[in-house]
Amino acid sequence: MAQKQTTLTAVQGANPNYEILKLLLKNYLFIFLCLLIVVCSFLSDKFLTFNNLTNVLLQNSVISILALGQLMVVITGGIDLSVGSIVAVASVLSASFLGMGLDPILTIILVMLLMAVAGAGNGAAVAYGKITPFVVTLATLTIYRGLAYIFQVGSLVTIEDKTFLSILAGKTVIGGIYTPVIIMFIALLIFIFILRQTTFGRRLYAVGGNLEAARLAGAPINRDIIIAYAVSGAMAGLGGLMTTARLSTGSALYGQGYELDAIAAVVVGGASLMGGRGFALNAVLGAFLIGIIRNILNLMGVASYPQMVIQGLIILIAVLLTTMGARKKA
Amino acid sequence: MSSNSSVLLEMRGIGKTFPGVRALHQIDFNIRAGEIHALCGENGAGKSTMMKILSGIYTPDEGEILFEGTAVQINRPDIAQRLGIAIIHQELSLVPELTVAENIFLGDYPQRLPGIVHWKKMKREAQNVLNEMGFDINVDQPAGTLGIAKQQVVEIAKALHRKAKVVILDEPTAPLANQDVERLIELVNKLRSENLGIVYISHRLPEVSRISDRVTVLKDGQLVTTRDIKGLTRDDLVKLMVGREVLKMRLGTVTDYKKKVLSVRELCTSKLLDNINFDLYEGEVLGLAGLVGSGRTELARAIFGADSFTGKVELHGKPLKLKNPRDAIQRGIALLPEDRKQQGLVLGMSALENMTIAGLDKFSTMGVMKKRQEREDGNLLVQKLQVKVSGLSQETRTLSGGNQQKLIIARWLYNKAKILIFDEPTRGIDVGAKSEIYQLINQFVKEGGSVIVISSELPEVLMCDRILIMARGKMVLEIPHAEASEENVIQHML
Amino acid sequence: MVKGRTGKMKALSLVVLATFILLAGCTTANDPGPNANQGDTGNQQTNTVSNDPAATADNKDITIGFSQRRVAGSDWYTNLIRGAEEEAEKQGVKLVVLDAQGDVAKQVSGVEDLIAQGVNAVIMNPQDPSGVIPATNKLKQNNIPLVVVNSNIDPKAEAVSFVSDDPRDTGYKTGWELAEAASEKYGDTIIKAAMISGYPKELVSQYRRNGMIAGWTDFMLEKYGKSNLELVAERFGEWVPDKALPVMQDIGTAHPDLQVVFCMSDVMLPGIFTALNNTGLNGEVLIGSIDGTKEAIRRIAEEPESGLIVTVSNDPRVQGADAVKIAIQVAKGQQVPATHYIANPIINKENAKEMYDPNSPY
């Protein structure tokens, strides 16, 4: 191991208590989630039922997928506010394509590619236009929503394509688990792999950690930024396809405010909006944390207004824990 | 000399332990009124921990602090301020958008009525403070528009306005050009004559020997000695700090200038550089001298492809297209930037990741990394360069300047670079690590590489095989090592 | 599974409006729908506007201006304009439509343009109740009568007539019909119901909700002499299906014995059906809704197993057409009601087959 071969400085053997603390802080989100689940099971006897758990998984799979794409952008130090609108464009386009008789598999691929292009547009404006990501994606949030409305007029079709519906919203052999959940887990594994095991993932952290240093180390920063936004767009497209299939209808109304849910998930998951920090698993856990809180409040029958307050407070607490964790680690 | 004057501030048996590291151990230290007390030691010796304790950022685990004879608890920065302890950090803390006067009075603006600022009074008093210090600075100017030297003066004025009795200067001359250093030293002497106690932290030993009355040397968190500076030679000081003799260094020793590696012709940039021509040879260490703003850094960035330029750059006789740093890196040119934290390193990443960031393809296939190989390569590099890390995954932020610089050197060695351009290779690096960096440079050229050293420290430039002098964006003169002296280099720099 | 297209309507405009409010930080826009005058039940109300065939001859000389607050992004508004245009063609009058694109200033200058063109009457769907007062003042100066449609306006505007739907009445009808179906299925036992509204504290949502509860209670009181409604959850679906979905799903999980769902708008129905499917409540729960979109009508006609019992019409085309009819009458100097609520027929299993028009744009 490295410790033995390298010259040690003034480290005089790490304190075991400190190690445990470090371990706890590192996995704070997982622990927080487990505690939450225990608490929830006391609060409502409906919570720990198979039905409810599969529902929670299903409900939060779209936001989790959006959060994964968002995470990639956030790691580069950016933000993508346009994902909710891209969900709507993807929904309307997929309904139209299927209505035109396009093959469902081809439709899925085509829509995701087009949404990747929409995302790449954001990335290009950020990388080459040197416009703040917030401003770029705030503008495209409006533009893409407008495009969704334009595409929708007179082109809405019933989605009855069995293949499309069963791929994106069908039941699996495991009773009660729907395909969106499987898709989400596959996406999570792919993202963990990309961020941890590929040179592209490594460069993303460098770009977000210190853009100028990454450039001077020869990283193709513009290309990497554009790819990150393109991936975010493609994931939003996938989320849009899944929403469309679940509701068997394409609509320009879908996805409003999803960008904020995705950003909240990423932030609760410990990513820094300054860039350079964030993990795929934590982003998904963040999405589920928020989703479980909403679920338990609904199960308990808490009225809507206090629900909003409680949900906001818990997000704040989670982020507070995250930043404390980060500070202790530094 | 004022050895019998009263003690302003005294630290007794101060100790401070961080998780896993004992930063300070049983430190005794005192500052007298009317003295300049130099604090020396390599990076990581404990100087900054000590200063942070004095300024209320850290609380010591053991020991006591006496201020003018009474025990005090400095556990918040505002307590330090109220006592009259001012610290001037390396990174200045002025608000760039506010005027000089506003910065000096920041936080306690004089008021006509509660809540109404007495602007006239504020300006007048700010002007008075600066005049007394002997500086002519327009108090209406935004602080951000001042040069670094004047910003420092404003910081000191701020301290004086707050009736500071102890002023701690942390590496005050590091970012300054020579003439500004002189003015600062004058000012510090003046503060001494007004009976302030001054703690002077610096790596620049000539300065330390010149201006201070006493010196305290720390090493690895322990007190080595506190003694009068009189009778202490520069070499003695170094020995105390490093604990061993440091060799007089010579960089490079190329004898024949046969193999031309890099040749630059008619290089111009839109802002500064004007018709730069020079050659670099195999095995050579080329020194590049010039004042700040003479175009040294701009030239380095242009050759590295970081900034655009017109003109020709040839590598081994073949024209080189430099659109971005990647082009340069692929051809074996590497830049070690002046500002390591802003431009060199991703501080939030691990030591290993910073070493391998430019050579990711060396341990990956189709974009997938082989992390085991990365660690093995990283271990070899750390051993070869003697980087002091607790492990490859140690966060780069927590490393000393010397080790951070070694990481960047490792990065380019890993990338098989043939030309290293060092911009201020040893800025902010302590004496011990400095000589290690020099040895690495020598080893690199011995193996056939070429190096350009850009430095504000003349002795460093004078060590090189050849010295090029730049002034106002132009190449002024080339001097071989044998003919170079501080005098003739300075003369042409101005 | 949900089939068919989503109808789009008023709710769409609301959601778009809400997005706009979020984006622009604008808080002044009002809800299209009910207005302050609706409390005045003393005002004459007619559900159909009589046509005077004899008058068609001189309609040629009449030009009516229509200042619409916004069209882009809303099918509901598109259909409002469509209804107006079709009616104008039928009546043989000239209709000039101007789109203010959601901008009050543009709407004011648009009305000035209409005055310059010498229109005989102006129909306005105001972007802001009081922001358009400068324009209505100019109309008054030029003695051009004003008919307001859909969104309410400040009384200072002195509109001759206000044409709109009556959200309380549509709600009442839905509640009544749903109660009837529930009493047939469950008798006079306590019935567990959930309410899926648009937005909290929003007028349209509140009027529709109160109407629904009043209709339900009146029916039950009449039949059994007691009310038997247990509202187990009231949640907000923000007028869109994908927001209604998780909310309904959680309610379904928490209350597996749910019997009735009050849905505020047909637009949210796909989300509700999917949620009931996922929680295994499909077919069990009776649903009542509002808006009368093509897709909801089709479901009532063809898919009784979906549980959808009733939807009550709120057709933008009728609002547009009635506004034009009233504007013509006003232009001719005839008396018109101060408030005109459009017809809101009930669509249930008895008439759904006849009401279903697969080619309808709404």
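Residues numbered from 1 in each chain as written. Chains lettered and ligands numbered in written order. Predicted model: local features only at pLDDT ≥ 70, side-chain atom pairs only at ≥ 80, totals over all residues.

- With an unreviewed UniProt entry as reference, chain B is termed Ribose import ATP-binding protein RbsA, source organism Paenibacillus abyssi.
- Looking at chain B in UniProt, the text filed under Subcellular location (unreviewed entry) is "Cell membrane". (UniProt positions renumbered as here; feature names shortened; annotations may be inferred.)

- Taking an unreviewed UniProt entry as the reference, chain A is identified by name as Ribose ABC transporter permease belonging to Paenibacillus abyssi.
- Looking at chain A in UniProt, the text filed under Subcellular location (unreviewed entry) is "Cell membrane".

**Some words on the overall build of chain A**
Part 1: For chain A, the helix and strand inventory stands at 16 helices and zero strands.
Part 2: For chain A, the proportion of its 330 residues judged to be buried stands at 54%.
Part 3: Considering only intrachain contacts with a sequence separation of at least 6, the fraction spanning at least 24 residues in chain A is 78%. (Helix = DSSP H or I, 4+ residues; strand = E, 2+ residues; numbered from the N terminus. Buried ≥ 20, exposed ≤ 12 C-beta atoms within 10 Å, placed from the backbone. Contact = placed C-beta atoms within 7 Å.)

**Here's the deal with the overall build of chain B**
Part 1: Helix and strand content of chain B: 17 helices and 24 strands.
Part 2: In summary, chain B has a C-alpha radius of gyration of 24 Å against a globular reference of 23 Å for 494 residues, a match within 12%.
Part 3: Here the contacts in chain B between residues at least 6 apart in sequence split such that 68% fall between residues at least 24 apart. (Rg over C-alpha atoms; globule rule 2.2 N^0.38 Å.)

**Here's the deal with the pairing of strand β22 (residues 450-454) of chain B**
All names here are of chain B.
Part 1: Most of β22 sits out of view: five of its five residues are buried.
Part 2: With burial as the criterion, each face of β22 is covered, one bearing Ser450, Ile452 and Ile454 and the other bearing Val451 and Val453.
Part 3: In this structure, strand β15 (residues 285-289) lies alongside β22, joined through four bridges in parallel fashion. Note that in β22 the partner of Leu286 across the bridge is Ile452. (Pairing = 2+ DSSP bridges.)

**Observations concerning the domain arrangement of chain B**
Residue and element names in this part refer to chain B.
Part 1: On domain assignment, one finds that chain B holds domain 1 (7-242) and domain 2 (260-493).
Part 2: If you average the C-alpha positions of domain 1 and of domain 2, the two centres end up 33 Å apart.
Part 3: Contact with domain 1, which involves nine residues of that partner, is made by twelve residues of domain 2.
Part 4: Among the residues making up the side of domain 1 that touches domain 2, the classes are represented as five nonpolar, three polar and one charged. (Domains from an automatic or database assignment. Nonpolar A, V, L, I, M, F, W, Y, C, P; charged D, E, K, R; others polar.)

**Description of the sheet that holds β22 of chain B**
Strands belonging to one sheet form pairs held by backbone hydrogen bonds; the direction of such a pair is parallel or antiparallel.
All names here are of chain B.
Part 1: Read across the sheet, six strands follow the order β18-β21-β22-β15-β23-β24 without closing on themselves; strand pairing throughout is mixed. If you trace the sheet from one side to the other, it starts and ends with β18 (333-336) and β24 (474-480), each paired once. Taking the axes of each pair of neighbouring strands and ignoring which way they run, one obtains an average angle of 20° across the sheet.
Part 2: Contacts from helix α9 (residues 296-303) reach β15, β18, β21 (419-423), β22 and β23 (466-471) within the one sheet, and its direction differs from that of β21 by about 150°.
Part 3: This element, helix α17 (residues 486-493), spans β15, β23 and β24 of the sheet and lies at about 30° to β23. (Axes fitted to C-alpha atoms, helices over the stretch in contact; angles between N-to-C directions.)

**Looking at the arrangement of the chains**
Part 1: The chain pair with the greatest number of contacts, out of two pairs of chains in contact, is formed by chains A and B.
Part 2: One finds no contact between chain B and chain C; the C-alpha atoms of the two approach each other to within 30 Å at their closest.

**Topic: the sheet that holds strand β14 (residues 276-281) of chain B**
All names here are of chain B.
Part 1: With antiparallel pairing, the four strands of this open sheet are ordered in space as β14-β13-β16-β17. Both edges of this open sheet fall to β14 and β17 (318-319), since each of them pairs with a single strand only.
Part 2: Sheet topology note: the strand β13 (residues 260-268)/β14 ladder contains five bridges and is antiparallel. Within the sheet, the bridge partner assigned to Leu262 lies in β14 and is Leu280.

**Focus on the packing of helix α5 (residues 61-75) of chain A against helix α15 (residues 280-300) of chain A**
All names here are of chain A.
Part 1: Two elements in contact, α5 and α15, have axes whose closest approach is 9 Å; the angle formed by their N-to-C orientations is 140°. In terms of their interaxial angle, α5 and α15 are classed as oblique. With respect to the hand of their crossing, α5 and α15 are arranged in right-handed fashion. Across the interface between the two elements, Ile63, Ser64, Ala67, Leu68 and Leu71 from α5 touch Ala280, Ala283, Val284, Gly286, Ala287 and Gly291 from α15. (Parallel < 35°, antiparallel > 145°, perpendicular 65-115°, else oblique. Left-handed = near helix turned anticlockwise from the far one by under 90°.)

**Examining the nonpolar core**
Part 1: Among the nonpolar cores identified, the biggest contains 241 residues, and Ala67 and Ala283 of chain A, Ile421 of chain B together with Ile196 and Ile272 of chain C are the most heavily contacted of them.
Part 2: No other element matches helix α13 (residues 221-247) of chain A, which puts 16 residues into this core.
Part 3: Within the second largest apolar cluster, 62 residues are counted, among which are Ile53, Leu83, Phe105 and Leu146 of chain B. (Core = buried A, V, L, I, M, F, W, Y, C linked by C-beta atoms within 7 Å.)

**A short note on the environment of Arg411 of chain B**
Part 1: Topologically, Arg411 of chain B is positioned in helix α14 (residues 401-414).
Part 2: Judged by C-beta crowding, with 23 C-beta atoms within 10 Å, Arg411 of chain B ranks as buried.
Part 3: For the pair Arg411 of chain B and Arg301 of chain B, spaced 110 residues apart in sequence, the C-alpha separation works out to 18 Å.
Part 4: Leaving out residues up to four positions away in the same chain, Arg411 of chain B has contacts with Ala217 of chain A together with Asn354, Met355, Ile357 and Ala358 of chain B.

**Some remarks on the packing of helix α3 (residues 104-116) of chain C against helix α4 (residues 133-141) of chain C**
Residues and elements named next belong to chain C.
Part 1: At their nearest, the axes of α3 and α4 sit 8 Å apart, and the two run at 15° to each other. As judged from the angle between their axes, α3 and α4 are roughly parallel. The interaxial crossing formed by α3 with α4 has right-handed handedness. Listed contacts from α4 to Gln107, Val108, Val111, Glu112 and Ile115 of α3 are Pro134, Ala135, Lys138 and Leu139.
Part 2: Its residues assigned to classes, the contact of α3 with α4 shows six nonpolar, one polar and two charged.

**Quick word on the environment of Glu282 of chain B**
Residue and element names in this part refer to chain B.
Part 1: For Glu282, the position within the fold is in the loop between β14 and β15.
Part 2: Exposure remark for Glu282: the 19 C-beta atoms within 10 Å place this residue in the partly exposed category.
Part 3: It is 59 Å that separates the C-alpha atoms of Glu282 and Ser6, two residues lying 276 residues apart in sequence.

**Some points on α9 of chain B**
Residue and element names in this part refer to chain B.
Part 1: The buried fraction of α9 amounts to eight of the eight residues, a majority that puts the element mostly inside the structure.
Part 2: For α9, every residue scored as buried is listed here: Arg296, Thr297, Glu298, Leu299, Ala300, Arg301, Ala302 and Ile303.
Part 3: Gly305 sits one or two residues past α9 and shows a positive phi near 80°.

**Remarks on the UniProt feature "transmembrane region" (unreviewed entry) in chain A**
Residues and elements named next belong to chain A.
Part 1: Feature annotation in UniProt places "transmembrane region" (unreviewed entry) on residues 27-44, 56-74, 81-99, 105-128, 135-157, 177-195, 279-297 and 309-326, given in this structure's numbering.
Part 2: Within residues 105-128, the helical portion is 96% and the strand portion 0%, while the C-alpha atoms at the span's ends are 34 Å from each other.
Part 3: As a span, residues 279-297 carries 95% helix and 0% strand, and end to end its C-alpha atoms are 27 Å apart.

**A word on unusual backbone geometry**
Residues and elements named next belong to chain C.
Part 1: Within the chain, Gln101 stands out as a residue other than glycine whose phi angle is a positive 50°.
Part 2: A positive phi angle is found at Glu158, which is not glycine, with a value near 50°.
Part 3: With respect to the helices and strands, Glu158 occurs in the loop between β4 (146-149) and β5 (161-164).

**A few points about the environment of Arg299 of chain C**
All names here are of chain C.
Part 1: Tracing the chain through its elements places Arg299 in helix α9 (residues 294-302).
Part 2: A count of 26 C-beta atoms within 10 Å places Arg299 in the buried class.
Part 3: Sequence-wise, Arg299 and Asp113 are 186 residues apart; in three dimensions their C-alpha atoms are separated by 45 Å.

**Regarding the confidence of the model for chain B**
Part 1: Looking at chain B, the pLDDT average stands at 88 and 97% of residues meet or exceed 70.
Part 2: Here the predicted complex carries an ipTM of 0.84, next to a pTM of 0.77. (pLDDT = per-residue confidence, 0-100.)

**Looking at the pairing of β18 of chain B**
On a regular strand, each side chain points to the face opposite its neighbour's, so the side chains alternate between the two faces of the sheet.
All names here are of chain B.
Part 1: Both faces of β18 are covered, namely the face carrying Ile333 and Leu335 and the face carrying Ala334 and Leu336.
Part 2: As defined by bridge partners, β18 adjoins β21 across four bridges and the pair is classed as parallel. Residue pairing in the sheet places Leu335 in a bridge with Ile421 of β21.

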